[in-house]
Amino acid sequence: GRALSLGEGGPGNPDGVGHEGMAAALREAIGRALATAGVGMEQIAGAGFGIGGYDWPSQREKMLASIRATGLNAPVEIVNDAMLGVLAGTMEGWGVAVVAGTSCNCWGRDRSGREGRMTGFSWMGEAAGAGELVLKAIQAIARAWTWRAPATRLTEAFIELTGASDVVDLLEGLSSNRIIIGPDAAPLVFRVAAEGDPVAQDLIVWAGRELADMAIGVIRQLGFEPLEFEVVLAGSFFQGSPVLAEVMRETIHTVAPGARLVRLHVPPVVGGVVLGMEQGGLQPAAVRQVLIESTAKLLRYDE
């Protein structure tokens with residue numbers, strides 16, 4: 001279970017770089033890891049991959065072809081990248097993971113390996129990451145300016161952020177794409193909420209409920225309601241406010257009182273290794289802690 005090396009590559013989401021780009025990123029990362037460890041490709045007994053953009057079974061063969069293009073011939077399994085939260089963050093490799101960063105997703109797995117999931121597309125109603133929070137904040141500013149909702153300190157905060165002269169200049173700039181506000185503005189929403197603005201606070205509560213709603217969907221799919229299990233919270237969005245986890249816990253417990261919310265404090269790649277161990281016929285639970293500790297040590301070394 002001891003991690004020997006880590007390798008990094010470029011962006012690998014096939015939605016953005018195509019399958020050739022995915023294969024190139026994998027070759028780069030795998031090659032670096034093997035070279036540092038002094039291990040040959042032929043020595044790999046099993047491999048696991050969490051792939052951003054892997055959402056439907058119909059995509060499986062193309063994804064596997066991209067992996068085979070690296071020269072890897074070991075038994076392989078692939079999952080949506082959100083599933084890595086379950087594999088890396090739960091004690092026994094089953095439970096639910098809610099991932100929230102630029103956007104969000106939620107997957108789960110039961111003891112037998114059966115999966116539960118979201119669609120993976122925010123426009124289908126799974127929208128509570130940084131990008132969606134910023135959009136809701138902009139909508140709150142517009143609603144306040146048009147007298148449909150209370151005034152909010154978000155207005156002044158976003159004027160200062162963008163350098164707009166006033167709220168009219170801000171809204172005109174946004175509507176004409178002269179001003180672009182991206183997901184990286186989410187910390188500003190969290191800050192305004194922490195300063196006591198009721199509108200911003202309501203947005204944080206909204207996000208927590210939306211993320212909990214996704215978890216509840218997966219919980220129902222897998223029949224977890226009467227069980228004790230872990231809900232892993234993964235992604236930078238959860239660093240924004242403890243309110244997110246508090247609201248999620250309260251909401252999830254109305255359906256599954258045995259759910260334990262835990263933060264993912266290990267690199268998601270640990271989940272890929274766990275998946276690879278399973279393909280190699282090993283029992284990851286026995287070496288999970290060694291794997292986590294040795295991977296963390298390598299990351300500190302890299303830093």
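Thresholds, definitions, all that
- Residues numbered from 1 in each chain as written.
- Predicted model: local features only at pLDDT ≥ 70, side-chain atom pairs only at ≥ 80, totals over all residues.
- Heavy atoms only, no water.
- Helix = DSSP H or I, 4+ residues; strand = E, 2+ residues; numbered from the N terminus.
- Buried < 20%, exposed > 50% of the residue type's maximum accessible area, 1.4 Å probe, protein only.
- Lys, Arg positive; Asp, Glu negative; His and termini not counted.
- Salt bridge = Lys/Arg side-chain N within 4 Å of Asp/Glu carboxyl O.
- Contact = heavy atoms within 4.5 Å.
- Pairing = 2+ DSSP bridges.
- Axes fitted to C-alpha atoms, helices over the stretch in contact; angles between N-to-C directions.
- Polar contact = N/O pair within 3.5 Å; in protein donor to acceptor, adjacent residues only side chain to side chain.

### So, unusual backbone geometry
Right, on to step 1. Positive phi, normally seen in glycine, also occurs at W147, with a value near 65°.
Right, on to step 2. Looking at the element boundaries, W147 is found in the loop between α4 (130–145) and α5 (154–162).
Right, on to step 3. If you check the backbone angles, N177 has positive phi at about 65° while not being a glycine.
Right, on to step 4. Examined against the element boundaries, N177 turns out to sit in the loop between α6 (167–175) and α7 (186–194).

### Describing the side chain of D55
Right, on to step 1. Turning to its location among the elements, D55 is positioned in the loop between β1 (47–51) and α2 (60–68).
Right, on to step 2. For the buried D55, which has no salt bridge, the nearest side chain bearing the opposite charge is R117, at an N-O separation of 4.8 Å.
Right, on to step 3. In contact with D55, not counting residues within four places along its chain, are N80, R117, T119, G120 and F121.

### A short note on the sheet that holds strand β3 (residues 95–100)
Right, on to step 1. What the five strands build is an open sheet, ordered β5-β4-β3-β6-β7; its pairing is mixed. Edge strands, defined here as strands with exactly one partner in the open sheet, are β5 (115–117) and β7 (259–263). Looking at each pair of strands side by side, their axes are set apart by 20° on average, direction ignored.
Right, on to step 2. Where β3 and strand β4 (residues 104–109) come together, six bridges link them in antiparallel fashion. Looking at β4, one finds that A100 is bridged to C104.

### Details of the environment of M124
Right, on to step 1. Position of M124 relative to the elements: it lies in the loop between β5 and α4.
Right, on to step 2. Looking at M124, the relative accessible area reads 43%, which means it is partly exposed.
Right, on to step 3. In this structure the C-alpha to C-alpha distance between M124 and M91, which are 33 residues apart in sequence, comes to 31 Å.

### Thoughts on α6
Right, on to step 1. Along α6, the positions that sit buried rather than exposed are V167, D169, L170, L171, G173 and L174.
Right, on to step 2. On its buried side, α6 packs onto α4 and α5.
Right, on to step 3. If you check the start of α6, you find a side-chain oxygen 3.2 Å away from the backbone N of V168, and it comes from D166.
Right, on to step 4. Just downstream of α6 lies N177, where phi reads positive at about 65°.

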